[in-house]
Amino acid sequence: MAFAGEVAWITGASSGIGAAMARGLAAEGAHVILSGRNAEALAEVAADCAKGNATALVLPFEATDYPAGLAAAEQAWAWAAERSGGIDLLFNNAGISQRSLAVNTDYAVYEKIIAVDLLAPIALTQALIGRMVARGKGRVAMVSSVAGKVGVPMRTAYSAAKFGLIGYADALRTEVSGEGLQVHVIAPGSVRTNVSRNALNADGSRRGVSDKAIDGGMDPQVAVAQMLAEMAAGKREIIVATGFEQMIGEACRTPEEIFDRMAALVANGYANKLEVPAVESAQ
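None of the values given here were measured: they were computed from a predicted structure.

Attention now goes to the overall build of the protein. Of regular secondary structure, the protein possesses ten helices and seven strands. For 283 residues, the compact-globule estimate of 2.2 N^0.38 gives 19 Å, and the protein sits close to it at 19 Å. C-alpha atoms of the protein, sized along the principal axes, occupy 60 × 45 × 40 Å. Looking at the protein as a whole, 48% of its 283 residues are labelled buried. Long-range pairs, those at least 24 residues apart, make up 69% of the contacts in the protein between residues at least 6 apart in sequence. Accessible surface for the protein amounts to roughly 13100 Å². Of this, 55% is attributable to carbon and sulfur atoms.

This is how it looks when you write it as structure tokens:
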């Protein structure tokens, strides 16, 4: 029960991994903040979560609406401060996938997927990271994908965004691990969610159907149980997959020694050496 009494903010919480994560955290006694676009679905998840000592707050907003995200961050932090002193876990899960060959895909599809899957979680993290550092504790979890570790066909935009998310998370970890924060990268394979149905076609339309790999994937509750256990254990890179997907995820896993050496650079003053001194204004 590593998360009992803590406050977790979960994006993409109306279904799939996000909803399962919210319920899993609430079962451990965590307070949860639920965000996504579907307010009605979020309310249903919140009702499941608000039992026992756990409480739930619904904060619906469009992930790419930057002003709305900043306003939600203010409200979320204030709500969290009353319960545990601040947000203890930011679980960046909202995302959208793709099912189209690059040669056929409109550029607008790349803009959309990168905005949702990469820029939106970065924006939300940036809105909170300063307060988390000042508080000296907290976790940031980025839900990437096995397709963020190895390029997967029919997903050039999705892989680009998910690779980028891992790069941001790994670099952020080097900067904040010495400040008492943990940054987790989670790379799921196929999990039984609506990810394929909600994926974008080449023209940006919603695919509307699932596929065999997703339908035969991991149960979201099983996937979330592994995520919670490995986050509680302090794992930095969490591969959640089976079979071939697990094999390729593990084959592309970043060695722990590299994480340690990159964090040591910051601990030894690397950032201070590279910072450009502020130029005094001539007044």
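Counted under the stated rule, the structure contains 15 salt bridges. Linking Arg-83 and Glu-82 is a salt bridge whose minimum nitrogen-to-oxygen distance equals 3.6 Å. For Arg-83, a relative accessible area of 32% corresponds to the partly exposed category. Overall, the relative accessible area of 66% leaves Glu-82 in the exposed class. Shared partners join several salt bridges into a network, and the residues in it are Asp-88, Arg-135 and Lys-137.

This paragraph deals with the packing of aromatic side chains. Each aromatic ring pair is specified by the distance between its two centres and by the angle formed by the two planes. Counted by the stated rule, this structure contains one aromatic pair. If you follow Arg-173 out to its NZ or CZ, it ends over the ring of Phe-259, 4.6 Å from the centre.

A rise of 1.5 Å per residue sets the reference length of helix H4 (residues 107-135), with its 29 residues, at 42 Å; its end C-alpha atoms lie 41 Å apart and thus fit the reference within 8%. At Ala-115, H4 shows its largest bend, some 40 degrees. Two residues or fewer after H4 comes Gly-136, characterised by a positive phi angle close to 80 degrees.

Right, let's get into the confidence of the model for the protein. Confidence in the prediction of the protein, expressed as mean pLDDT, is 95, and 97% of residues score 70 or more. Contacts from residues 279-283, a stretch scored under 50 in pLDDT, to residues over four places away or in other chains number zero contacts.

So, about the packing of helix H1 (residues 16-27) against helix H7 (residues 220-232). At a closest axis distance of 9 Å, the pairing of H1 and H7 adopts a crossing angle of 60 degrees. Comparing their axes, H7 and H1 come out oblique. Once H1 is placed against H7, the crossing between them reads as right-handed. Of H7, the residues touching H1 (which contributes Gly-16, Ile-17, Ala-20, Met-21, Gly-24 and Leu-25) are Pro-220, Gln-221, Val-224, Met-227, Leu-228 and Met-231.

Ranked by size, the top nonpolar core spans 39 residues in total, and within it Trp-9, Ile-33, Leu-59, Ile-87, Ile-113 and Leu-128 carry the most contacts. The set of elements that each furnish at least two residues to this core consists of strand S1 (7-11), helix H3 (66-81), H4, strand S5 (138-143), helix H5 (156-176) and strand S6 (181-188). Within the second largest apolar cluster, 33 residues are counted, among which are Ala-13, Val-143, Ala-223 and Met-231.

Turning next to the environment of Val-195. Counting through the fold element by element, Val-195 comes out in the loop between S6 and helix H6 (212-215). The sequence separation of Val-195 and Asp-260 amounts to 65 residues, and the corresponding C-alpha distance is 34 Å. Leave out the neighbours within four places in its chain, and Val-195 touches Ser-97 and Ile-214.

How each quantity is defined
- Residues numbered from 1 in each chain as written.
- Predicted model: local features only at pLDDT ≥ 70, side-chain atom pairs only at ≥ 80, totals over all residues.
- Heavy atoms only, no water.
- Helix = DSSP H or I, 4+ residues; strand = E, 2+ residues; numbered from the N terminus.
- Rg over C-alpha atoms; globule rule 2.2 N^0.38 Å.
- Buried < 20%, exposed > 50% of the residue type's maximum accessible area, 1.4 Å probe, protein only.
- Contact = heavy atoms within 4.5 Å.
- Areas by Shrake-Rupley, 256 points an atom, 1.4 Å probe, with all protein chains shown as cover.
- Salt bridge = Lys/Arg side-chain N within 4 Å of Asp/Glu carboxyl O.
- Phe/Tyr/Trp six-rings, centres within 6.5 Å; stacked < 30°, edge-to-face > 60°.
- Lys NZ or Arg CZ within 6 Å of the ring centre and 35° of its normal.
- Expected span 1.5 Å × (residues − 1).
- Bend = angle between axes of the 7 residues up to and from the residue.
- pLDDT = per-residue confidence, 0-100.
- Axes fitted to C-alpha atoms, helices over the stretch in contact; angles between N-to-C directions.
- Parallel < 35°, antiparallel > 145°, perpendicular 65-115°, else oblique.
- Left-handed = near helix turned anticlockwise from the far one by under 90°.
- Core = buried A, V, L, I, M, F, W, Y, C linked by side-chain atoms within 4.5 Å.

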